[in-house]
Amino acid sequence: MLLLAFDTATPAVTAAVHDGERVLAESYEVDARRHGELLLPTVAAVLRTAGVDKRDLTDIAVGVGPGPYTGLRVGLVTAAALGDALGLPVHGVCTLDAIAHQARTEGLDGPFAVATDARRKEVYWASYAADGARLSGPAVDRPAEIEPGERTVGAGALLYALPAASGPEHVSAGALADFAVRELAAGRALLPNAPLYLRRPDAQVPAGYKAVLPA
Amino acid sequence: MADEPLVLGIETSCDETGVGIVRGTTLLADAVASSVNDHARFGGVVPEIASRAHLEAMVPTIRRALDTAGVRASDLDGIAVTAGPGLAGALLVGVSAAKAYAWALDKPLYGVNHLASHICVDQLEHGRLPEPTMALLVSGGHSSLLLSSDITSDVRPLGATIDDAAGEAFDKVARVLGLGFPGGPVVDRMAREGDGKAIAFPRGLNNAGDPAYDFSFSGLKTAVARWVEARRRAGEPVPVADVAASFQEAVTDVLTRKAVRACKDNGVDHLMIGGGVAANSRLREMAQQRCDKAGIVLRVPRPGLCTDNGAMVAALGAEMVWRDRAPSSFDLSADSSLPVTETHVPGAEHGSVHAHAHEALK
Ligand SMILES: [Zn+2]
(Lines give C-alpha, C1' and ligand atoms only; values in the text may rest on other atoms or scores of the structure.)
Protein backbone atom coordinates (compact mmCIF):
# COMPACT_ATOMS: atom_id res chain seq x y z
CA MET A 1 0.00 0.00 0.00
CA LEU A 2 1.11 3.55 -0.79
CA LEU A 3 -1.36 5.99 0.67
CA LEU A 4 -1.39 9.75 0.18
CA ALA A 5 -3.19 11.59 3.01
CA PHE A 6 -4.05 15.24 3.49
CA ASP A 7 -6.36 17.45 5.52
CA THR A 8 -7.56 21.06 5.22
CA ALA A 9 -10.26 21.04 7.92
CA THR A 10 -8.13 22.83 10.52
CA PRO A 11 -5.75 25.82 10.16
CA ALA A 12 -3.01 23.32 9.23
CA VAL A 13 -2.27 22.47 5.62
CA THR A 14 -0.84 18.99 5.99
CA ALA A 15 0.00 16.02 3.76
CA ALA A 16 1.74 12.68 4.28
CA VAL A 17 2.68 9.47 2.47
CA HIS A 18 2.26 6.12 4.27
CA ASP A 19 3.41 2.72 3.00
CA GLY A 20 1.09 0.64 5.19
CA GLU A 21 3.78 0.25 7.86
CA ARG A 22 4.90 3.75 8.59
CA VAL A 23 4.80 7.39 7.53
CA LEU A 24 7.39 7.94 4.79
CA ALA A 25 7.11 11.73 4.69
CA GLU A 26 4.96 14.39 6.24
CA SER A 27 4.42 18.12 5.83
CA TYR A 28 2.59 20.38 8.29
CA GLU A 29 2.16 24.11 7.95
CA VAL A 30 -0.28 26.33 9.83
CA ASP A 31 -1.75 28.99 7.55
CA ALA A 32 -5.53 29.11 7.87
CA ARG A 33 -6.04 31.48 4.96
CA ARG A 34 -3.94 29.75 2.32
CA HIS A 35 -5.20 26.18 2.03
CA GLY A 36 -5.97 26.81 -1.63
CA GLU A 37 -2.49 28.00 -2.54
CA LEU A 38 -0.52 25.58 -0.39
CA LEU A 39 -2.19 22.19 -0.65
CA LEU A 40 -1.08 21.00 -4.09
CA PRO A 41 2.57 22.14 -3.71
CA THR A 42 2.55 20.44 -0.28
CA VAL A 43 1.27 17.18 -1.75
CA ALA A 44 3.91 17.33 -4.48
CA ALA A 45 6.61 18.03 -1.91
CA VAL A 46 5.79 15.08 0.40
CA LEU A 47 5.79 12.67 -2.51
CA ARG A 48 9.18 14.00 -3.59
CA THR A 49 10.53 13.69 -0.05
CA ALA A 50 9.14 10.15 0.24
CA GLY A 51 10.63 9.26 -3.13
CA VAL A 52 7.24 8.07 -4.32
CA ASP A 53 5.95 8.56 -7.86
CA LYS A 54 2.30 9.67 -7.89
CA ARG A 55 1.55 6.89 -10.41
CA ASP A 56 2.56 4.31 -7.81
CA LEU A 57 0.05 5.49 -5.19
CA THR A 58 -2.69 3.00 -4.28
CA ASP A 59 -5.03 5.03 -2.04
CA ILE A 60 -5.94 8.54 -0.98
CA ALA A 61 -7.21 9.46 2.49
CA VAL A 62 -8.65 12.91 3.16
CA GLY A 63 -9.96 14.64 6.26
CA VAL A 64 -13.66 15.35 5.66
CA GLY A 65 -14.04 17.69 8.62
CA PRO A 66 -15.82 19.03 10.42
CA GLY A 67 -14.00 22.31 9.79
CA PRO A 68 -14.42 25.79 8.29
CA TYR A 69 -16.03 25.21 4.91
CA THR A 70 -13.91 27.15 2.48
CA GLY A 71 -10.68 25.44 3.52
CA LEU A 72 -12.39 22.08 3.99
CA ARG A 73 -13.60 22.05 0.39
CA VAL A 74 -10.06 22.56 -0.93
CA GLY A 75 -9.05 19.19 0.50
CA LEU A 76 -12.18 17.35 -0.60
CA VAL A 77 -12.25 18.59 -4.18
CA THR A 78 -8.51 17.96 -4.48
CA ALA A 79 -8.99 14.39 -3.24
CA ALA A 80 -11.90 13.80 -5.62
CA ALA A 81 -9.96 15.19 -8.59
CA LEU A 82 -6.74 13.31 -7.79
CA GLY A 83 -8.71 10.12 -7.21
CA ASP A 84 -10.39 10.51 -10.59
CA ALA A 85 -7.27 11.51 -12.52
CA LEU A 86 -5.01 8.84 -10.98
CA GLY A 87 -7.70 6.16 -10.71
CA LEU A 88 -7.41 5.79 -6.92
CA PRO A 89 -9.99 5.08 -4.22
CA VAL A 90 -10.59 8.04 -1.88
CA HIS A 91 -11.24 7.31 1.81
CA GLY A 92 -12.80 9.96 4.03
CA VAL A 93 -11.64 10.30 7.63
CA CYS A 94 -13.40 12.37 10.28
CA THR A 95 -10.76 14.96 11.14
CA LEU A 96 -11.57 14.70 14.85
CA ASP A 97 -10.90 10.94 14.73
CA ALA A 98 -7.47 11.64 13.29
CA ILE A 99 -6.70 14.16 16.05
CA ALA A 100 -7.84 11.61 18.66
CA HIS A 101 -5.61 8.96 17.08
CA GLN A 102 -2.69 11.38 17.17
CA ALA A 103 -3.33 12.24 20.84
CA ARG A 104 -3.34 8.53 21.80
CA THR A 105 -0.22 7.89 19.72
CA GLU A 106 1.45 10.72 21.63
CA GLY A 107 0.57 8.99 24.94
CA LEU A 108 -2.80 10.28 26.08
CA ASP A 109 -4.64 7.50 27.94
CA GLY A 110 -8.24 7.08 29.01
CA PRO A 111 -11.38 8.65 27.60
CA PHE A 112 -11.20 12.18 26.26
CA ALA A 113 -12.90 14.61 23.91
CA VAL A 114 -11.51 16.41 20.86
CA ALA A 115 -12.64 19.98 20.15
CA THR A 116 -11.58 22.23 17.27
CA ASP A 117 -12.46 25.86 16.63
CA ALA A 118 -15.73 26.13 14.70
CA ARG A 119 -15.67 29.97 14.84
CA ARG A 120 -18.81 31.90 15.87
CA LYS A 121 -18.03 30.98 19.48
CA GLU A 122 -18.63 27.29 18.84
CA VAL A 123 -16.53 24.12 18.72
CA TYR A 124 -16.62 21.04 16.55
CA TRP A 125 -16.26 18.15 18.95
CA ALA A 126 -16.48 14.42 19.54
CA SER A 127 -15.81 12.19 22.55
CA TYR A 128 -13.79 8.97 22.62
CA ALA A 129 -13.62 5.89 24.87
CA ALA A 130 -10.38 4.62 26.38
CA ASP A 131 -10.03 2.10 23.55
CA GLY A 132 -10.29 4.86 20.97
CA ALA A 133 -13.86 4.26 19.80
CA ARG A 134 -15.86 7.40 19.14
CA LEU A 135 -18.68 7.69 21.71
CA SER A 136 -20.46 10.81 20.48
CA GLY A 137 -20.25 13.42 17.76
CA PRO A 138 -19.06 14.91 15.61
CA ALA A 139 -21.24 17.84 16.59
CA VAL A 140 -21.06 21.63 16.66
CA ASP A 141 -21.98 23.36 19.92
CA ARG A 142 -21.20 26.24 22.22
CA PRO A 143 -18.35 25.21 24.54
CA ALA A 144 -20.40 26.02 27.66
CA GLU A 145 -23.14 23.64 26.55
CA ILE A 146 -21.09 20.47 26.13
CA GLU A 147 -19.98 17.78 28.59
CA PRO A 148 -16.59 16.79 27.27
CA GLY A 149 -15.46 14.72 30.28
CA GLU A 150 -12.23 15.07 32.22
CA ARG A 151 -9.71 15.51 29.43
CA THR A 152 -9.83 17.40 26.15
CA VAL A 153 -7.50 18.02 23.21
CA GLY A 154 -7.48 20.33 20.19
CA ALA A 155 -7.40 24.05 19.41
CA GLY A 156 -11.05 24.42 20.48
CA ALA A 157 -10.31 22.83 23.86
CA LEU A 158 -7.36 25.17 24.40
CA LEU A 159 -9.22 28.24 23.14
CA TYR A 160 -12.16 27.75 25.53
CA ALA A 161 -10.12 26.22 28.38
CA LEU A 162 -12.07 22.97 28.40
CA PRO A 163 -11.07 20.44 31.12
CA ALA A 164 -7.34 19.56 31.17
CA ALA A 165 -7.00 20.89 27.65
CA SER A 166 -3.88 19.98 25.69
CA GLY A 167 -2.51 19.54 22.18
CA PRO A 168 -2.34 18.42 19.48
CA GLU A 169 -4.06 21.61 18.35
CA HIS A 170 -4.67 20.70 14.73
CA VAL A 171 -4.55 17.50 12.75
CA SER A 172 -1.37 16.21 11.16
CA ALA A 173 -1.69 14.13 8.01
CA GLY A 174 0.73 11.49 9.30
CA ALA A 175 -1.72 10.63 12.08
CA LEU A 176 -4.62 10.75 9.66
CA ALA A 177 -2.78 8.38 7.30
CA ASP A 178 -1.93 6.01 10.15
CA PHE A 179 -5.54 6.01 11.35
CA ALA A 180 -6.79 5.24 7.84
CA VAL A 181 -4.26 2.42 7.33
CA ARG A 182 -5.24 0.78 10.63
CA GLU A 183 -8.96 1.05 10.00
CA LEU A 184 -8.61 -0.41 6.51
CA ALA A 185 -6.38 -3.21 7.82
CA ALA A 186 -9.00 -4.00 10.48
CA GLY A 187 -11.60 -4.29 7.73
CA ARG A 188 -13.54 -1.25 8.90
CA ALA A 189 -15.00 1.00 6.23
CA LEU A 190 -13.97 4.64 6.22
CA LEU A 191 -16.23 7.54 5.25
CA PRO A 192 -17.22 8.66 1.75
CA ASN A 193 -15.41 11.71 0.41
CA ALA A 194 -18.17 14.10 1.48
CA PRO A 195 -17.91 17.07 3.83
CA LEU A 196 -19.16 16.94 7.43
CA TYR A 197 -20.61 20.46 7.40
CA LEU A 198 -22.84 20.02 10.49
CA ARG A 199 -24.46 23.39 9.83
CA ARG A 200 -26.95 24.44 7.20
CA PRO A 201 -25.69 27.06 4.73
CA ASP A 202 -25.98 30.65 5.86
CA ALA A 203 -28.69 32.10 3.73
CA GLN A 204 -31.29 34.61 4.62
CA VAL A 205 -34.53 34.80 2.75
CA PRO A 206 -35.10 38.49 2.03
CA ALA A 207 -38.04 39.83 4.01
CA GLY A 208 -39.98 40.46 0.85
CA TYR A 209 -39.74 43.44 -1.43
CA LYS A 210 -38.72 46.70 0.25
CA ALA A 211 -40.56 49.82 -0.86
CA VAL A 212 -38.58 52.82 -2.09
CA LEU A 213 -41.33 55.42 -1.65
CA PRO A 214 -41.51 56.96 1.83
CA ALA A 215 -44.29 55.41 3.90
CA MET B 1 -6.68 20.46 -37.33
CA ALA B 2 -5.35 17.78 -34.98
CA ASP B 3 -2.45 20.05 -34.03
CA GLU B 4 -4.77 22.63 -32.52
CA PRO B 5 -4.59 22.60 -28.72
CA LEU B 6 -7.08 20.39 -26.89
CA VAL B 7 -7.99 22.17 -23.65
CA LEU B 8 -10.41 21.53 -20.81
CA GLY B 9 -11.81 24.59 -19.03
CA ILE B 10 -13.38 24.83 -15.59
CA GLU B 11 -15.67 27.67 -14.49
CA THR B 12 -17.01 28.03 -10.94
CA SER B 13 -17.08 31.81 -10.36
CA CYS B 14 -20.80 31.99 -9.51
CA ASP B 15 -23.63 29.44 -9.51
CA GLU B 16 -22.79 27.36 -12.60
CA THR B 17 -20.33 24.49 -12.45
CA GLY B 18 -19.13 24.58 -16.04
CA VAL B 19 -16.68 22.28 -17.79
CA GLY B 20 -15.93 22.77 -21.48
CA ILE B 21 -13.57 21.08 -23.88
CA VAL B 22 -12.36 22.75 -27.07
CA ARG B 23 -9.86 21.99 -29.78
CA GLY B 24 -8.55 25.34 -31.00
CA THR B 25 -11.72 27.25 -31.82
CA THR B 26 -13.93 24.15 -32.07
CA LEU B 27 -16.32 23.32 -29.25
CA LEU B 28 -16.32 19.63 -28.33
CA ALA B 29 -18.22 19.65 -25.03
CA ASP B 30 -19.98 22.15 -22.79
CA ALA B 31 -21.22 20.50 -19.59
CA VAL B 32 -22.99 22.67 -17.03
CA ALA B 33 -24.47 21.85 -13.63
CA SER B 34 -26.41 24.82 -12.31
CA SER B 35 -27.51 25.50 -8.76
CA VAL B 36 -29.76 28.38 -9.86
CA ASN B 37 -32.93 26.70 -8.57
CA ASP B 38 -31.43 26.40 -5.08
CA HIS B 39 -30.98 30.18 -4.99
CA ALA B 40 -34.35 31.20 -6.41
CA ARG B 41 -36.18 31.44 -3.09
CA PHE B 42 -33.45 33.74 -1.73
CA GLY B 43 -33.82 36.17 -4.65
CA GLY B 44 -30.11 36.01 -5.45
CA VAL B 45 -27.07 33.74 -5.46
CA VAL B 46 -26.15 32.53 -1.95
CA PRO B 47 -22.36 31.99 -1.94
CA GLU B 48 -22.29 29.05 0.49
CA ILE B 49 -25.01 27.20 -1.40
CA ALA B 50 -23.11 27.78 -4.65
CA SER B 51 -19.83 26.50 -3.17
CA ARG B 52 -21.46 23.36 -1.79
CA ALA B 53 -23.03 22.65 -5.17
CA HIS B 54 -19.69 23.15 -6.97
CA LEU B 55 -17.99 20.58 -4.75
CA GLU B 56 -20.68 17.98 -5.45
CA ALA B 57 -20.84 18.63 -9.18
CA MET B 58 -17.15 19.12 -9.97
CA VAL B 59 -15.85 15.66 -10.84
CA PRO B 60 -19.12 14.35 -12.36
CA THR B 61 -19.26 17.40 -14.64
CA ILE B 62 -15.66 16.85 -15.75
CA ARG B 63 -16.45 13.18 -16.49
CA ARG B 64 -19.52 14.22 -18.47
CA ALA B 65 -17.53 16.73 -20.54
CA LEU B 66 -14.81 14.16 -21.34
CA ASP B 67 -17.43 11.58 -22.32
CA THR B 68 -19.29 14.04 -24.54
CA ALA B 69 -16.10 15.19 -26.26
CA GLY B 70 -14.96 11.59 -26.66
CA VAL B 71 -11.43 12.41 -25.52
CA ARG B 72 -9.27 11.02 -22.75
CA ALA B 73 -7.92 13.26 -20.02
CA SER B 74 -4.42 12.14 -20.98
CA ASP B 75 -4.92 13.61 -24.48
CA LEU B 76 -5.39 17.16 -23.17
CA ASP B 77 -2.80 19.84 -23.95
CA GLY B 78 -3.76 21.97 -20.99
CA ILE B 79 -6.26 22.66 -18.24
CA ALA B 80 -7.69 26.15 -17.84
CA VAL B 81 -9.68 27.49 -14.93
CA THR B 82 -11.35 30.74 -13.94
CA ALA B 83 -8.98 32.28 -11.38
CA GLY B 84 -11.24 35.34 -10.92
CA PRO B 85 -13.10 37.58 -10.59
CA GLY B 86 -16.05 35.94 -8.84
CA LEU B 87 -17.20 34.52 -5.50
CA ALA B 88 -14.06 33.61 -3.55
CA GLY B 89 -15.25 30.31 -2.08
CA ALA B 90 -16.82 29.22 -5.35
CA LEU B 91 -13.71 30.04 -7.40
CA LEU B 92 -11.56 28.07 -4.96
CA VAL B 93 -13.39 24.81 -5.72
CA GLY B 94 -12.67 25.07 -9.44
CA VAL B 95 -9.09 26.28 -8.98
CA SER B 96 -8.32 23.41 -6.58
CA ALA B 97 -9.83 20.84 -8.95
CA ALA B 98 -7.95 22.24 -11.94
CA LYS B 99 -4.65 22.12 -10.07
CA ALA B 100 -5.23 18.52 -9.03
CA TYR B 101 -6.05 17.36 -12.57
CA ALA B 102 -3.19 19.33 -14.12
CA TRP B 103 -0.67 18.00 -11.63
CA ALA B 104 -1.93 14.40 -11.72
CA LEU B 105 -1.94 14.36 -15.53
CA ASP B 106 1.28 16.39 -16.00
CA LYS B 107 -0.54 19.08 -18.00
CA PRO B 108 0.10 22.83 -17.96
CA LEU B 109 -2.36 24.82 -15.83
CA TYR B 110 -3.79 28.16 -16.97
CA GLY B 111 -5.57 30.36 -14.45
CA VAL B 112 -7.54 32.76 -16.65
CA ASN B 113 -9.75 35.82 -16.28
CA HIS B 114 -13.50 35.28 -16.29
CA LEU B 115 -14.22 38.45 -18.28
CA ALA B 116 -11.63 37.73 -20.96
CA SER B 117 -13.19 34.25 -21.24
CA HIS B 118 -16.62 35.80 -21.87
CA ILE B 119 -15.09 37.60 -24.86
CA CYS B 120 -13.02 34.69 -26.13
CA VAL B 121 -15.98 32.28 -26.21
CA ASP B 122 -17.16 33.97 -29.40
CA GLN B 123 -14.28 32.27 -31.22
CA LEU B 124 -16.20 29.00 -30.83
CA GLU B 125 -19.13 30.51 -32.72
CA HIS B 126 -17.69 32.98 -35.21
CA GLY B 127 -14.02 32.06 -35.57
CA ARG B 128 -10.97 34.03 -34.45
CA LEU B 129 -11.64 37.40 -32.89
CA PRO B 130 -10.68 40.38 -35.02
CA GLU B 131 -7.96 42.51 -33.49
CA PRO B 132 -8.86 44.83 -32.00
CA THR B 133 -12.31 43.81 -30.77
CA MET B 134 -14.71 45.95 -28.76
CA ALA B 135 -16.63 43.92 -26.18
CA LEU B 136 -19.74 44.77 -24.20
CA LEU B 137 -20.04 42.37 -21.26
CA VAL B 138 -23.36 42.44 -19.46
CA SER B 139 -24.52 40.01 -16.79
CA GLY B 140 -25.73 39.83 -13.23
CA GLY B 141 -22.18 40.45 -12.06
CA HIS B 142 -20.65 42.73 -14.67
CA SER B 143 -21.38 45.57 -17.09
CA SER B 144 -18.23 46.62 -18.91
CA LEU B 145 -16.98 47.99 -22.17
CA LEU B 146 -13.63 46.43 -22.98
CA LEU B 147 -11.20 46.91 -25.85
CA SER B 148 -8.89 44.03 -26.64
CA SER B 149 -6.06 43.84 -29.16
CA ASP B 150 -5.01 40.35 -28.02
CA ILE B 151 -7.36 38.38 -25.80
CA THR B 152 -4.47 36.54 -24.12
CA SER B 153 -2.55 39.65 -23.08
CA ASP B 154 -4.30 42.95 -23.65
CA VAL B 155 -7.78 43.80 -22.40
CA ARG B 156 -8.39 47.46 -21.60
CA PRO B 157 -11.42 48.62 -19.64
CA LEU B 158 -13.06 51.67 -21.25
CA GLY B 159 -16.04 51.85 -18.94
CA ALA B 160 -18.10 49.93 -16.40
CA THR B 161 -21.16 50.32 -14.24
CA ILE B 162 -20.73 52.70 -11.34
CA ASP B 163 -23.45 50.96 -9.29
CA ASP B 164 -25.60 47.95 -10.24
CA ALA B 165 -24.75 45.48 -12.98
CA ALA B 166 -27.27 45.37 -15.83
CA GLY B 167 -28.37 41.85 -14.88
CA GLU B 168 -28.87 42.94 -11.27
CA ALA B 169 -31.26 45.66 -12.48
CA PHE B 170 -33.27 42.97 -14.31
CA ASP B 171 -33.41 40.88 -11.12
CA LYS B 172 -34.55 43.83 -9.00
CA VAL B 173 -37.19 44.99 -11.45
CA ALA B 174 -38.48 41.41 -11.69
CA ARG B 175 -38.79 41.40 -7.92
CA VAL B 176 -40.69 44.72 -7.92
CA LEU B 177 -43.07 43.23 -10.47
CA GLY B 178 -43.33 39.95 -8.55
CA LEU B 179 -41.91 37.92 -11.44
CA GLY B 180 -39.34 35.85 -9.50
CA PHE B 181 -35.62 35.12 -9.88
CA PRO B 182 -33.62 35.20 -12.10
CA GLY B 183 -35.17 38.28 -13.68
CA GLY B 184 -33.55 38.39 -17.13
CA PRO B 185 -35.52 35.74 -19.02
CA VAL B 186 -38.88 36.56 -17.44
CA VAL B 187 -38.61 40.32 -18.02
CA ASP B 188 -37.61 39.62 -21.63
CA ARG B 189 -40.67 37.38 -22.05
CA MET B 190 -43.10 39.86 -20.45
CA ALA B 191 -41.62 42.74 -22.46
CA ARG B 192 -42.58 41.08 -25.74
CA GLU B 193 -46.25 41.74 -24.90
CA GLY B 194 -45.62 45.33 -23.89
CA ASP B 195 -44.83 48.75 -25.37
CA GLY B 196 -41.24 49.87 -24.85
CA LYS B 197 -42.27 53.50 -25.32
CA ALA B 198 -45.18 53.39 -22.85
CA ILE B 199 -43.20 54.86 -19.94
CA ALA B 200 -40.20 57.18 -20.27
CA PHE B 201 -37.81 55.73 -17.72
CA PRO B 202 -34.51 57.62 -17.22
CA ARG B 203 -31.26 56.75 -18.99
CA GLY B 204 -28.29 56.82 -16.59
CA LEU B 205 -25.11 58.82 -17.31
CA ASN B 206 -26.55 60.03 -20.56
CA ASN B 207 -25.85 63.75 -20.41
CA ALA B 208 -23.05 65.73 -21.99
CA GLY B 209 -20.23 65.75 -19.48
CA ASP B 210 -21.11 62.32 -18.05
CA PRO B 211 -18.45 59.62 -18.49
CA ALA B 212 -18.96 58.44 -22.07
CA TYR B 213 -18.53 54.71 -21.46
CA ASP B 214 -19.65 54.19 -17.87
CA PHE B 215 -23.09 52.89 -16.92
CA SER B 216 -25.50 53.47 -14.05
CA PHE B 217 -28.60 51.34 -13.50
CA SER B 218 -29.42 52.16 -9.90
CA GLY B 219 -31.46 55.28 -10.71
CA LEU B 220 -33.41 53.42 -13.38
CA LYS B 221 -34.20 50.57 -11.01
CA THR B 222 -35.46 53.01 -8.37
CA ALA B 223 -37.49 54.94 -10.93
CA VAL B 224 -39.25 51.73 -11.98
CA ALA B 225 -39.98 50.84 -8.35
CA ARG B 226 -41.39 54.31 -7.63
CA TRP B 227 -43.55 54.23 -10.71
CA VAL B 228 -44.97 50.81 -9.85
CA GLU B 229 -45.55 51.67 -6.19
CA ALA B 230 -47.31 54.93 -7.08
CA ARG B 231 -49.68 52.94 -9.30
CA ARG B 232 -50.35 50.38 -6.60
CA ARG B 233 -50.98 53.10 -4.03
CA ALA B 234 -53.44 54.79 -6.30
CA GLY B 235 -55.24 51.46 -6.54
CA GLU B 236 -54.60 51.26 -10.26
CA PRO B 237 -53.53 48.07 -12.05
CA VAL B 238 -49.85 47.83 -12.93
CA PRO B 239 -49.30 47.29 -16.67
CA VAL B 240 -46.58 44.69 -16.09
CA ALA B 241 -45.76 44.11 -19.75
CA ASP B 242 -45.39 47.83 -20.48
CA VAL B 243 -43.24 48.37 -17.40
CA ALA B 244 -41.01 45.44 -18.37
CA ALA B 245 -40.74 46.60 -21.97
CA SER B 246 -40.05 50.23 -21.05
CA PHE B 247 -37.44 49.25 -18.49
CA GLN B 248 -35.77 46.88 -20.93
CA GLU B 249 -35.82 49.58 -23.59
CA ALA B 250 -34.02 51.99 -21.26
CA VAL B 251 -31.31 49.44 -20.42
CA THR B 252 -30.68 48.33 -23.99
CA ASP B 253 -30.78 51.89 -25.30
CA VAL B 254 -27.95 52.97 -23.02
CA LEU B 255 -25.90 49.79 -23.49
CA THR B 256 -26.02 49.77 -27.28
CA ARG B 257 -25.61 53.52 -27.70
CA LYS B 258 -22.47 53.58 -25.55
CA ALA B 259 -21.05 50.44 -27.15
CA VAL B 260 -21.49 51.81 -30.68
CA ARG B 261 -20.02 55.13 -29.62
CA ALA B 262 -17.00 53.36 -28.12
CA CYS B 263 -16.46 51.55 -31.43
CA LYS B 264 -16.67 54.78 -33.42
CA ASP B 265 -14.44 56.77 -31.07
CA ASN B 266 -11.77 54.07 -31.16
CA GLY B 267 -12.00 53.23 -34.83
CA VAL B 268 -13.07 49.64 -34.11
CA ASP B 269 -15.38 47.99 -36.64
CA HIS B 270 -16.32 44.89 -34.62
CA LEU B 271 -18.46 44.68 -31.52
CA MET B 272 -18.97 41.50 -29.49
CA ILE B 273 -21.58 41.23 -26.77
CA GLY B 274 -21.27 38.61 -24.05
CA GLY B 275 -22.53 37.77 -20.57
CA GLY B 276 -25.96 36.52 -19.52
CA VAL B 277 -27.79 39.72 -20.50
CA ALA B 278 -26.52 39.22 -24.07
CA ALA B 279 -29.23 36.55 -24.26
CA ASN B 280 -31.84 39.35 -24.06
CA SER B 281 -33.78 39.45 -27.32
CA ARG B 282 -34.31 43.22 -27.37
CA LEU B 283 -30.63 43.88 -26.70
CA ARG B 284 -29.63 41.65 -29.59
CA GLU B 285 -32.17 43.27 -31.90
CA MET B 286 -31.30 46.88 -31.02
CA ALA B 287 -27.55 46.19 -31.16
CA GLN B 288 -27.98 44.69 -34.63
CA GLN B 289 -29.91 47.73 -35.89
CA ARG B 290 -27.46 50.25 -34.50
CA CYS B 291 -24.38 48.33 -35.64
CA ASP B 292 -25.81 47.94 -39.14
CA LYS B 293 -26.42 51.67 -39.27
CA ALA B 294 -22.89 52.44 -38.09
CA GLY B 295 -21.19 49.90 -40.35
CA ILE B 296 -20.05 47.80 -37.43
CA VAL B 297 -19.94 43.99 -37.54
CA LEU B 298 -21.82 42.59 -34.53
CA ARG B 299 -20.81 39.26 -33.00
CA VAL B 300 -23.02 37.75 -30.32
CA PRO B 301 -22.59 34.09 -29.33
CA ARG B 302 -25.69 31.95 -28.96
CA PRO B 303 -27.37 32.39 -25.54
CA GLY B 304 -25.92 29.16 -24.08
CA LEU B 305 -22.40 30.49 -24.59
CA CYS B 306 -23.24 33.98 -23.24
CA THR B 307 -24.06 32.79 -19.74
CA ASP B 308 -21.25 31.43 -17.53
CA ASN B 309 -19.87 28.14 -18.85
CA GLY B 310 -16.71 26.08 -19.04
CA ALA B 311 -16.40 26.32 -22.82
CA MET B 312 -15.44 29.98 -22.58
CA VAL B 313 -12.64 29.14 -20.17
CA ALA B 314 -11.45 26.34 -22.42
CA ALA B 315 -11.58 28.72 -25.41
CA LEU B 316 -9.29 31.20 -23.67
CA GLY B 317 -7.07 28.38 -22.39
CA ALA B 318 -6.67 27.05 -25.93
CA GLU B 319 -5.69 30.54 -27.05
CA MET B 320 -3.11 30.68 -24.24
CA VAL B 321 -1.59 27.40 -25.43
CA TRP B 322 -1.77 28.51 -29.07
CA ARG B 323 0.09 31.73 -28.31
CA ASP B 324 2.56 30.03 -26.01
CA ARG B 325 1.65 32.04 -22.90
CA ALA B 326 3.31 31.07 -19.62
CA PRO B 327 1.30 28.55 -17.56
CA SER B 328 0.30 29.24 -13.96
CA SER B 329 2.17 27.65 -11.08
CA PHE B 330 0.59 25.20 -8.65
CA ASP B 331 0.32 27.83 -5.91
CA LEU B 332 -2.20 29.70 -8.10
CA SER B 333 -4.77 31.46 -5.92
CA ALA B 334 -8.41 32.21 -6.56
CA ASP B 335 -8.67 36.01 -6.76
CA SER B 336 -12.23 37.27 -6.25
CA SER B 337 -11.26 40.73 -7.54
CA LEU B 338 -8.84 39.81 -10.32
CA PRO B 339 -8.57 42.96 -12.48
CA VAL B 340 -9.82 42.61 -16.04
CA THR B 341 -6.41 43.72 -17.32
CA GLU B 342 -4.92 40.49 -15.96
CA THR B 343 -6.09 38.14 -18.69
CA HIS B 344 -4.34 35.23 -17.02
CA VAL B 345 -2.18 34.51 -14.00
CA PRO B 346 1.24 33.31 -15.16
CA GLY B 347 3.57 31.64 -12.67
CA ALA B 348 5.51 33.99 -10.39
CA GLU B 349 8.60 34.05 -12.59
CA HIS B 350 8.81 33.15 -16.24
CA GLY B 351 11.76 31.54 -17.98
CA SER B 352 14.23 29.50 -16.04
CA VAL B 353 12.82 30.06 -12.58
CA HIS B 354 9.38 29.07 -13.74
CA ALA B 355 10.69 26.02 -15.56
CA HIS B 356 12.54 25.07 -12.42
CA ALA B 357 9.46 25.41 -10.22
CA HIS B 358 7.48 23.40 -12.72
CA GLU B 359 10.12 20.69 -12.74
CA ALA B 360 10.27 20.63 -8.97
CA LEU B 361 6.58 19.85 -8.78
CA LYS B 362 6.73 16.71 -10.89
ZN1 LIG C 1 -19.87 35.91 -16.09
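Rules used throughout
- Residues numbered from 1 in each chain as written.
- Chains lettered and ligands numbered in written order.
- Predicted model: local features only at pLDDT ≥ 70, side-chain atom pairs only at ≥ 80, totals over all residues.
- Heavy atoms only, no water.
- Helix = DSSP H or I, 4+ residues; strand = E, 2+ residues; numbered from the N terminus.
- Buried < 20%, exposed > 50% of the residue type's maximum accessible area, 1.4 Å probe, protein only.
- Contact = heavy atoms within 4.5 Å.
- Areas by Shrake-Rupley, 256 points an atom, 1.4 Å probe, with all protein chains shown as cover.
- Lys, Arg positive; Asp, Glu negative; His and termini not counted.
- Charge placed at Lys NZ, Arg CZ, Asp CG, Glu CD.
- Buried area = accessible area lost by both parts, 1.4 Å probe.
- Salt bridge = Lys/Arg side-chain N within 4 Å of Asp/Glu carboxyl O.
- Pairing = 2+ DSSP bridges.
- Donors = N, O, S within 2.8 Å, 3.2 Å for Na, K, Ca; no water.

Peer 1: Explanation requested: the overall build of chain B in the structure shown.
Peer 2: Helix and strand counts for chain B stand at 13 helices and 10 strands. Considering only C-alpha atoms, chain B reaches an extent of 70 × 45 × 35 Å along its principal axes. A burial count over chain B gives 57% of its 362 residues as buried. Once local pairs closer than 6 in sequence are excluded, the contacts in chain B between residues at least 24 apart make up 74%. Surface summary for chain B: the accessible area is close to 13400 Å², and the carbon and sulfur share equals 50%. Taken as two groups, the 34 positive and 44 negative side-chain charges of chain B have centres that lie 5 Å from each other.

Peer 1: Hey, could you run me through the interface of chain B and chain A in this one?
Peer 2: As a measure of interface size, the accessible area lost when the parts come together is often cited. Contacts between the two partners involve 36 residues from chain B, matched on the other side by 40 residues from chain A. Summing the contributions of chain B and of chain A, the shared interface buries around 3400 Å²; its carbon and sulfur component is 68%. By the criterion of area lost to chain A, the three top residues of chain B are B:Arg52, B:Leu55 and B:Trp103, representing 21% of everything that side buries. Taken together, the connections running from chain B to chain A amount to four salt bridges. Its salt-bridge partner being B:Asp106, residue A:Arg55 comes within 2.3 Å of it at the nearest N-O pair. Of all the secondary-structure elements, those providing two or more residues to the side of chain B that touches chain A are helix H2 (47–69), helix H3 (88–105) and helix H8 (218–233) of chain B. The element best represented in the side of chain B that touches chain A is H3(B), accounting for 11 residues.

Peer 1: Explain the pairing of strand E8 (residues 134–141) of chain A to me, please; I cannot follow it from the model alone.
Peer 2: Two faces belong to every sheet, and in a regular strand the side chains alternate between them. Taken together, the five bridges between strand E7 (residues 123–128) of chain A and E8(A) define a ladder with antiparallel strand orientation. The residue of E8(A) that forms the bridge with A:Trp125 is A:Ala139.

Peer 1: Could you clarify how one ought to interpret the coordination of the zinc ion in this entry?
Peer 2: All names here are of chain B. Within the protein, His114 (NE2), His118 (NE2), His142 (NE2) and Asp308 (OD) serve as the donor atoms for the zinc ion, at 2.1 to 2.6 Å. Donor residues binding the zinc ion come from one chain and are separated in sequence as H-x3-H-x23-H-x165-D. Of the two residues, His114 is situated in helix H4 (residues 114–120) and His142 in the loop between strand E6 (133–138) and strand E7 (143–150); the sequence distance between them amounts to 28 residues. Classification of His114 as buried rests on a relative accessible area of 1%. Residue classification places His142 among the buried residues on the basis of a relative accessible area of 15%.

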